[in-house]
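Notes for the structure review
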Amino acid sequence: MTVIANILIIATISFGTIFILVTAIGLIRLPDAFSRAHAASKSATLGVMSILLGVFLHFWLIEGHFNSRILLGIAFLFITGPVGGHMMGRAAYLSGVKLSDQTVRDDLADVIKKKREKLQ
Amino acid sequence: MITFLWVIVVLISLSILAFVYRLVKGPSTPDRVIALDAIGVGLITLIGLISILFDTVFFLEVILLLAVLSFIGTVAFSKFTEKGEIIQRDRNS
């Protein structure tokens, strides 16, 4: 039983660590603020959820201590991670951060231009 | 198991170092806020791993606290960079 628990814990923690390393590579190498926000919000959230699941399984299966705060933390991070990334991307676009040179199309520019003309 | 966890702690610390690089260098304000959010996520992960390594459950309260603080910081900074005010009085804009 302990062997199965250890395998589960090691699998979930390794999975999460791979995703957090991918986040670090993305934050360093991606070209503009929007692609970096994409990397940071999705894969970091999945990585931290997986690692916290491993911590929860360790305390539950090996120490025999059912800790509900970790589950609450996982649910909170699952809700707020993408919401924060989305708000930051919207604020970056509306405050005029430049897109990268490799951007192919920009659908939001037409919508915002029409809305600004209607307001004036 | 202990060696594996220390290796994971070192890897997460290296990725936090990468986030700090983006926080210092980042050309615009949203880049820096995104890096701060990612640093909060890395700190939460480190606290979970260290509570396994030190064999105690009392650090786990900090996870919720850091998650709430990081989310509120991101929302406040994004409101501020978008419109220049954090709490809007005019609901229609």
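Residues numbered from 1 in each chain as written. Chains lettered and ligands numbered in written order. Predicted model: local features only at pLDDT ≥ 70, side-chain atom pairs only at ≥ 80, totals over all residues. Heavy atoms only, no water.

With an unreviewed UniProt entry as reference, chain B is termed Multisubunit sodium/proton antiporter, MrpF subunit, source organism Psychrobacillus psychrotolerans. Annotation of chain B in UniProt includes, under Subcellular location (unreviewed entry), the sentence "Cell membrane". Heading Sequence similarities (unreviewed entry) of the UniProt record for chain B holds this comment: "Belongs to the CPA3 antiporters (TC 2.A.63) subunit F family." (UniProt positions renumbered as here; feature names shortened; annotations may be inferred.)

As recorded in an unreviewed UniProt entry, chain A goes by Multisubunit sodium/proton antiporter, MrpG subunit and comes from Psychrobacillus psychrotolerans. UniProt lists a comment for chain A under the heading Subcellular location (unreviewed entry), and it reads "Membrane". Taken from UniProt, the Sequence similarities (unreviewed entry) comment for chain A reads in full: "Belongs to the CPA3 antiporters (TC 2.A.63) subunit G family."

Summed over all chains, the structure comprises seven aromatic pairs over all chains. Ring centres 6.4 Å apart and planes at 90° place the aromatic pair Phe76(A) and Phe71(B) in the edge-to-face group. Remark: Phe71(B) occurs in helix α3 (residues 61-83) and Phe76(A) occurs in helix α3 (residues 68-94); the pair is interchain, linking two chains. Ring pairing ties together the aromatic residues Phe56(A), Trp60(A) and Phe66(A), which thus form one cluster. (Phe/Tyr/Trp six-rings, centres within 6.5 Å; stacked < 30°, edge-to-face > 60°. Helix = DSSP H or I, 4+ residues; strand = E, 2+ residues; numbered from the N terminus.)

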